[in-house]
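Here's the letter readout for the chains.
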There are 2 protein chains.
Amino acid sequence: MGLIVQKYGGTSVKDAERVMNVARRITNVYKAGNDVVVAVSAQGDTTDDLIAKANEINEKASKREMDMLLSSGEQISIALLAMAVEKLGFPVVSLTGWQAGFKTDSHYGTARIKTIDTERIKTELDRRRIVIVAGFQGLNKYDDITTLGRGGSDTSAVALAAALNADVCEIYTDVDGVFTADPRFVKNAYKLDDISYDEMLELASLGANVLHNRSVEMAKKYNVKLCVRSSLNDNEGTYVKEVEQVEKMLVRGVTRDNDCARVALCGVEDTPGKAFQVFQMLAKNGISVDLIIQSIGNGIKKDIAFTVTEGDLDTVLKLLEDHNSMIKADEIKWTKDVSKVSIVGAGMVNNSGVAAKMFEALSDAHININMIATSEIKISVLVDRNDAERAVNAIHDKFMLD
Amino acid sequence: MGLIVQKYGGTSVKDAERVMNVARRITNVYKAGNDVVVAVSAQGDTTDDLIAKANEINEKASKREMDMLLSSGEQISIALLAMAVEKLGFPVVSLTGWQAGFKTDSHYGTARIKTIDTERIKTELDRRRIVIVAGFQGLNKYDDITTLGRGGSDTSAVALAAALNADVCEIYTDVDGVFTADPRFVKNAYKLDDISYDEMLELASLGANVLHNRSVEMAKKYNVKLCVRSSLNDNEGTYVKEVEQVEKMLVRGVTRDNDCARVALCGVEDTPGKAFQVFQMLAKNGISVDLIIQSIGNGIKKDIAFTVTEGDLDTVLKLLEDHNSMIKADEIKWTKDVSKVSIVGAGMVNNSGVAAKMFEALSDAHININMIATSEIKISVLVDRNDAERAVNAIHDKFMLD
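Small disclaimer: the values here were computed from a predicted structure and weren't measured.

### Here's the deal with the overall build of chain A
Link 1 in the chain: Counting its regular elements, chain A contains 12 helices and 20 strands.
Link 2 in the chain: Relative to the 2.2 N^0.38 estimate, which gives 21 Å for 402 residues, the radius of gyration of chain A is 24 Å and therefore close to what a compact globule would have.
Link 3 in the chain: If one aligns the C-alpha atoms of chain A with their principal axes, the spans along those axes are about 75 × 50 × 35 Å.
Link 4 in the chain: Here chain A holds 402 residues, and 56% of them are scored as buried.
Link 5 in the chain: Of the contacts made within chain A by residues no fewer than 6 positions apart, 75% connect residues no fewer than 24 positions apart.
Link 6 in the chain: Of the roughly 17,400 Å² of accessible surface on chain A, 46% is carried by carbon and sulfur atoms.

Now the structure itself:
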């Protein structure tokens with residue numbers, strides 16, 4: 001018996017049948033004696049449909065009105081889910097973001113939660129009601145509706161769990177949990193029972209697509225125990241929490257990220273601070289640079305290469321051209337035909353053999369490595385996009401099946 | 001230059017093209033130097049679609065959750081309309097019912113507006129913004145969303161006009177204004193330039209289907225000048241206001257109402273108070289009785305006949321059966337094959353010839369009159385439903401073309 005926060009995404013409530021299914025899950029937890037607070041996303045394609053409606057009228061609509069529009073999506077899903085719970089005969093109340101006390105800053109479309117005034121929710125819990133809260137949305141200081149942007153409903157759920165001091169925050173999705181690799185193309189991938197916040201953060205940012213980073217960061221900050229599990233079965237799921245390294249598993253997951261492009265500045269002057277100048281200029285213009293390598297210069301010329309997201313590539317090339325009087329590169333090369341393949345695991349920090357083992361796996365599979373980057377808990381390599389799936393499989397088999 | 005409140009119904013904003021059309025109307029009024037506040041309904045079939053979604057899950061959903069669901073419909077339309085106004089390059093803000101300050105009682109689904117806190121709207125008008133308000137909805141004392149029920153958006157608009165002391169409240173619809181009869185089957189029907197509140201109230205309750213009674217009552221109470229006009233053309237429309245009887249027109253409109261059924265209690269005891277007992281019993285059970293006639297009794301037996309709405313008929317027959325030990329009717333007869341045909345006009349109160357003229361029209365057309373009821377500004381007759389359209393035409397020609 002405790003307080004459980006659950007979050008259901010759009011696919012989990014996409015039609016009447018799924019909504020009833022979710023209602024049954026919720027009421028089962030309630031029947032066991034728990035208080036239940038549920039954060040819900042908009043149904044299935046609702047958000048996309050609303051965006052299409054807006055674009056038909058004004059492709060450059062203000063973000064304020066866009067948030068007004070999009071927040072209706074969760075309002076529909078909370079009402080329908082509450083009706084489903086009523087149908088099963090349990091006391092329930094749905095609350096919009098503002099009714100649930102979500103206060104955010106005023107960055108429409110990408111708002112950050114500042115506080116949650118939990119008074120209303122606590123009153124409803126005291127009445128032994130199941131509380132259904134609209135995820136993804138809040139209210140700014142002007143009393144205007146804001147939305148939290150990508151991964152917003154996960155963040156709403158974690159924020160609720162933190163504010164209410166919940167025993168666990170269960171994130172329901174359409175996969176069974178966090179896997180050692182993407183099971184769609186790695187046949188030996190298997191589900192992890194638990195994973196640390198830091199590992200999860202690396203996996204999320206590397207394209208594991210299960211939990212959004214913002215929600216994991218918040219969970220780490222407030223020490224909220226997360227559980228990622230499927231809304232379609234009763235499997236256990238993966239716990240994300242402060243894990244003691246019980247399993248002694250060096251590598252926890254292998255990921256592939258196709259959203260990257262490589263840019264190379266060939267033959268720039270080999271003077272101190274050159275790389276700094278380039279990356280400072282990019283940062284000023286809002287560009288996140290990921291992997292970086294720099295050739296060992298000969299005192300006259302050197303090469304600098306780095307990766308950015310595909311979406312930033314055109315901007316980056318334009319910026320480099322505009323600043324070439326400062327950069328003075330002989331040539332600027334770029335390609336999108338690359339993927340980043342990474343291994344993540346808190347265990348690898350003290351184990352120098354991990355990188356060598358990863359490179360061995362790639363070498364055995366005859367896969368060429370373009371760039372390498374390492375951090376305390378991950379090692380990333382850039383490979384040709386055509387090689388990426390083979391690379392993930394080779395690395396996964398090497399580490400996970402050993 | 002002044003303050004103009006406009007209301008657009010669901011058909012006026014049913015798709016992107018119509019929304020842009022409404023935005024052009026609004027901005028034209030704004031460009032002329034006016035402050036503009038607009039109340040909008042949900043788009044086209046949105047409300048019906050949402051009800052269908054709810055019914056798929058729970059046909060007996062609570063009204064509180066139903067209001068949460070349905071109020072999303074106007075939230076979508078205000079955002080889209082605001083985006084359309086932005087597209088045309090004008091400053092605009094959309095406000096939900098609660099943002100616009102609508103406070104209601106707690107009768108979910110049929111809430112009554114208690115007050116409008118106009119501070120937010122006035123601030124936005126001071127900034128020279130066009131203000132788009134979600135009609136049909138408000139907030140009760142529990143901070144829960146309520147809806148106003150049938151005709152709610154008209155009522156929202158009139159309440160806004162009253163609270164803001166607007167110069168006029170324009171109700172946009174898909175007809176050109178208030179007609180002397182339904183132009184769909186009375187070919188000589190023509191549009192009225194103006195009409196009094198009381199006449200409009202009778203016409204609305206008699207099935208003219210242009211303005212909901214609640215909004216007219218409120219307009220009368222706060223002396224709000226209404227204008228009913230089409231959103232599809234620039235025709236003048238009909239003004240509803242305190243009219244001095246300039247035109248000397250006895251009859252202002254002829255209406256037909258098919259939503260009625262006749263019940264006859266044949267051979268009840270001719271004792272004092274018998275009719276009172278019957279109608280008190282019906283009233284206690286929430287049944288509105290419309291036309292009533294009672295035969296002149298012979299001291300032993302008499303007949304009592306009355307009309308109710310078709311929707312109430314089954315309930316009424318059950319009630320009469322349950323209470324027949326009190327009523328003691330020899331026979332209870334009923335039929336749905338009747339229509340109520342009425343003439344309305346403030347001029348008729350002092351003119352005893354009006355009723356005779358109406359009966360003459362019906363007699364000339366060989367239409368039998370079942371029942372008759374008169375008030376200060378209307379005369380209603382019950383005729384066979386098959387005769388109703390002919391009856392309206394005959395009366396209309398007699399009065400309007402004389």
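There's plenty left to go through after this.
### With respect to the relation of the copies chain A and chain B
Link 1 in the chain: It takes a turn of 180° to lay chain A on chain B, together with a shift of 0.1 Å along the axis; the resulting RMSD is 0.2 Å. Such a combination of turn and shift is consistent with a two-fold rotation axis. Scanning chain A for the C-alpha nearest the rotation axis identifies A:Ser72, at a separation of 2.6 Å.
Link 2 in the chain: Most of the interface of chain A is mirrored in chain B, where 100% of its interface residues are also at the interface.

### Some details on the environment of B:Asn235
Residues and elements named next belong to chain B.
Link 1 in the chain: If you trace the backbone, Asn235 turns up in the loop between strand S11 (226-230) and strand S12 (238-240).
Link 2 in the chain: Here Asn235 falls in the partly exposed class, since its relative accessible area comes to 34%.
Link 3 in the chain: Separated by 58 residues in sequence, Asn235 and Gly177 have C-alpha atoms that sit 8.9 Å apart.
Link 4 in the chain: Side-chain polar atoms of Asn235 contact the side chain of Asp176, separated by 2.8 Å.

### A closer look at the sheet that holds strand S12 (residues 238-240) of chain A
All names here are of chain A.
Link 1 in the chain: The strand order across the open sheet formed by 8 strands is S3-S6-S2-S1-S9-S11-S12-S10, and the pairing between neighbours is mixed. A single partner strand is all that each edge strand has here, and the edge strands are strand S3 (92-95) and strand S10 (194-195).
Link 2 in the chain: The pairing of strand S11 (residues 226-230) with S12 spans 3 bridges and is classified as antiparallel. Note on S12: the bridge partner recorded for Cys227 is Tyr239.

### Digging into the side chain of B:Thr335
Residues and elements named next belong to chain B.
Link 1 in the chain: One can find Thr335 in strand S17 (residues 331-335).
Link 2 in the chain: In terms of polar contacts, Thr335 uses its side chain to reach the backbone amide nitrogen of Asp337, at 2.9 Å.
Link 3 in the chain: If sequence neighbours within four positions are ignored, Thr335 has contacts with Ala261 and Arg262.

### Focus: the pattern of salt bridges
Link 1 in the chain: Scanning the entire structure with this criterion turns up 50 salt bridges over all chains.
Link 2 in the chain: The partner of B:Arg127 in a salt bridge is B:Glu124, and the shortest N-O contact between them spans 3.2 Å.
Link 3 in the chain: When its relative accessible area of 1% is taken as the criterion, B:Glu124 is described as buried.
Link 4 in the chain: Here B:Lys328 ties to B:Glu269 by a salt bridge, and the two come within 3.9 Å at their closest N and O atoms. Here the residue B:Lys328 occupies a position in the loop between helix H10 (324-327) and S17, and B:Glu269 occupies one in strand S14 (residues 261-269), the gap between them amounting to 59 residues.
Link 5 in the chain: The exposure class of B:Lys328 is partly exposed, given its relative accessible area of 44%.
Link 6 in the chain: The network of salt bridges with shared partners includes A:Arg64, A:Glu65, A:Asp144, B:Arg120, B:Glu124, B:Arg127 and B:Arg129.

### Notes on the packing of helix H3 (residues 63-87) of chain A against helix H2 (residues 46-57) of chain B
Link 1 in the chain: At a closest axis distance of 9 Å, the pairing of H3(A) and H2(B) adopts a crossing angle of 30°. Here H3(A) lies roughly parallel to H2(B), going by the angle between them. For the crossing formed where H3(A) meets H2(B), the hand is right-handed. On the side of H3(A), the interface is formed by A:Ile76, A:Leu80, A:Met83, A:Ala84 and A:Lys87, while H2(B) contributes B:Leu50, B:Lys53, B:Ala54 and B:Ile57.

### A few points about the interface of chain A and chain B
Link 1 in the chain: At the interface, 42 residues of chain A touch 42 residues of chain B.
Link 2 in the chain: Of the roughly 3,300 Å² buried between chain A and chain B, counting both surfaces, carbon and sulfur atoms make up 60%.
Link 3 in the chain: A per-residue breakdown of the area chain A buries against chain B is headed by A:Ile57, A:Gln75 and A:Met83, which together make up 21% of the total.
Link 4 in the chain: Where chain A meets chain B, there are 2 salt bridges.
Link 5 in the chain: Of the charged contacts, one joins A:Arg120 and B:Asp144 as a salt bridge, the two residues approaching to 2.8 Å between their closest N and O atoms.
Link 6 in the chain: Our count for the chain A to chain B interface comes out at 20 residue pairs in polar contact (both at pLDDT 80 or more).
Link 7 in the chain: Put simply, the parts of the chain that give the side of chain A that touches chain B at least two residues each are helix H1 (16-31), helix H2 (46-57), H3 and S3 of chain A.

### Digging into the confidence of the model for chain A
Link 1 in the chain: On average, residues of chain A carry a pLDDT of 91, and 97% of them reach 70 or more.
Link 2 in the chain: Across the assembled chains, the prediction reports ipTM 0.82 with pTM 0.83.

### Looking at unusual backbone geometry
All names here are of chain A.
Link 1 in the chain: Phi angles above zero are rare outside glycine, and Asn165 is one such case at about 55°.
Link 2 in the chain: With respect to the helices and strands, the residue Asn165 is situated in the loop between helix H5 (152-164) and strand S9 (168-173).
Link 3 in the chain: For Asn223, which is not a glycine, the phi torsion comes out positive at approximately 55°.
Link 4 in the chain: Summarising the element assignment, Asn223 is placed in the loop between helix H7 (213-222) and S11.
Link 5 in the chain: What makes Asn223 exposed here is its relative accessible area of 56%.

### A word on the state of the cysteines
All names here are of chain A.
Link 1 in the chain: Scanning all chains against the criterion turns up 0 disulfides over all chains.
Link 2 in the chain: Of all cysteine sulfurs in the structure, the one in Cys266 sits closest to Cys260, which takes part in no disulfide; the separation is 18 Å.
Link 3 in the chain: The exposure class of Cys260 is buried, given its relative accessible area of 5%.

### Thoughts on the nonpolar core
Link 1 in the chain: Judged by nonpolar contacts, the single largest core of 86 residues is most densely connected at A:Ile26, A:Leu81, A:Ile132, B:Ile26, B:Leu81 and B:Ile132.
Link 2 in the chain: Other than its neighbours up to four places away in sequence, B:Leu81 contacts B:Val19, B:Val22, B:Ala23, B:Ile26, B:Val38, B:Val40 and B:Ile132.

### Re H2(A)
Link 1 in the chain: Compared with the 16 Å implied by 1.5 Å per residue over 12 residues, the 17 Å span of H2(A) between its first and last C-alpha is a close match.
Link 2 in the chain: Within the sequence span of H2(A), burial applies to A:Thr46, A:Leu50, A:Ala54 and A:Ile57. All buried residues of H2(A) lie within an arc of 75° about the axis, which places them on one face of the element. H2(A) presents A:Asp48 and A:Glu56 as exposed residues on the side facing more than 90 degrees away from its buried surface.
Link 3 in the chain: Buried residues belonging to H2(A) abut H3 of chain A together with helix H1 (16-31) and helix H3 (63-87) of chain B.

### A look at the UniProt feature "domain: ACT" (unreviewed entry) in chain A
Link 1 in the chain: Mapped onto the present numbering, the UniProt feature "domain: ACT" (unreviewed entry) falls on residues 263-346 of chain A.
Link 2 in the chain: Counting secondary structure, residues 263-346 of chain A comes out at 30% helix and 36% strand; the distance between its end C-alpha atoms is 30 Å.

### Observations concerning the side chain of B:Asp257
Residue and element names in this part refer to chain B.
Link 1 in the chain: Position of Asp257 relative to the elements: it lies in strand S13 (residues 253-257).
Link 2 in the chain: Here Asp257 is buried and forms no salt bridge, its nearest opposite-charge partner Lys340 lying at an N-O distance of 4.5 Å.
Link 3 in the chain: A polar contact of 2.9 Å, which involves the side chain of Asp257, links it to the backbone nitrogen of Asp259.

### Notes on H1(B)
Residue and element names in this part refer to chain B.
Link 1 in the chain: Taking 1.5 Å per residue, 16 residues should reach 22 Å; H1 reaches 22 Å between its end C-alpha atoms and fits that length.
Link 2 in the chain: All of the buried residues along H1 are Ala16, Val19, Met20, Val22, Ala23, Arg25, Ile26, Thr27, Val29 and Tyr30.
Link 3 in the chain: After H1 finishes, the residue Gly33 shows a positive phi value of roughly 105°.

### Considerations on the packing of aromatic side chains
Link 1 in the chain: On inspection of all chains with the given rule, the structure shows 7 aromatic pairs over all chains.
Link 2 in the chain: Each ring, one from A:Tyr30 and one from A:Phe90, has its centre 5.8 Å from the other, and the planes form 80°; the classification is edge-to-face. One end of the pair, A:Tyr30, is in helix H1; the other, A:Phe90, is in the loop between H3 and S3, with 60 residues separating them in the sequence. One exposure class covers both A:Tyr30 and A:Phe90, and it is buried.
Link 3 in the chain: A centroid spacing of 4.0 Å and a plane angle of 35° characterise the contact between A:Trp98 and B:Trp98, whose relative ring orientation is tilted. Placement of A:Trp98 in the loop between S3 and strand S4 (102-104) and of B:Trp98 in the loop between strand S3 (92-95) and strand S4 (102-104) is noted, with the two residues assigned to different chains. In terms of burial, A:Trp98 and B:Trp98 fall into one category: buried.

The rules we used
Residues numbered from 1 in each chain as written. Chains lettered and ligands numbered in written order. Predicted model: local features only at pLDDT ≥ 70, side-chain atom pairs only at ≥ 80, totals over all residues. Heavy atoms only, no water. Helix = DSSP H or I, 4+ residues; strand = E, 2+ residues; numbered from the N terminus. Rg over C-alpha atoms; globule rule 2.2 N^0.38 Å. Buried < 20%, exposed > 50% of the residue type's maximum accessible area, 1.4 Å probe, protein only. Contact = heavy atoms within 4.5 Å. Areas by Shrake-Rupley, 256 points an atom, 1.4 Å probe, with all protein chains shown as cover. Least-squares fit on C-alpha atoms with pLDDT ≥ 70 in both. Polar contact = N/O pair within 3.5 Å; in protein donor to acceptor, adjacent residues only side chain to side chain. Pairing = 2+ DSSP bridges. Salt bridge = Lys/Arg side-chain N within 4 Å of Asp/Glu carboxyl O. Axes fitted to C-alpha atoms, helices over the stretch in contact; angles between N-to-C directions. Parallel < 35°, antiparallel > 145°, perpendicular 65-115°, else oblique. Left-handed = near helix turned anticlockwise from the far one by under 90°. Buried area = accessible area lost by both parts, 1.4 Å probe. pLDDT = per-residue confidence, 0-100. Disulfide = S-S within 2.5 Å. Core = buried A, V, L, I, M, F, W, Y, C linked by side-chain atoms within 4.5 Å. Expected span 1.5 Å × (residues − 1). Arc of directions from axis to C-beta. UniProt positions renumbered as here; feature names shortened; annotations may be inferred. Lys, Arg positive; Asp, Glu negative; His and termini not counted. Phe/Tyr/Trp six-rings, centres within 6.5 Å; stacked < 30°, edge-to-face > 60°.

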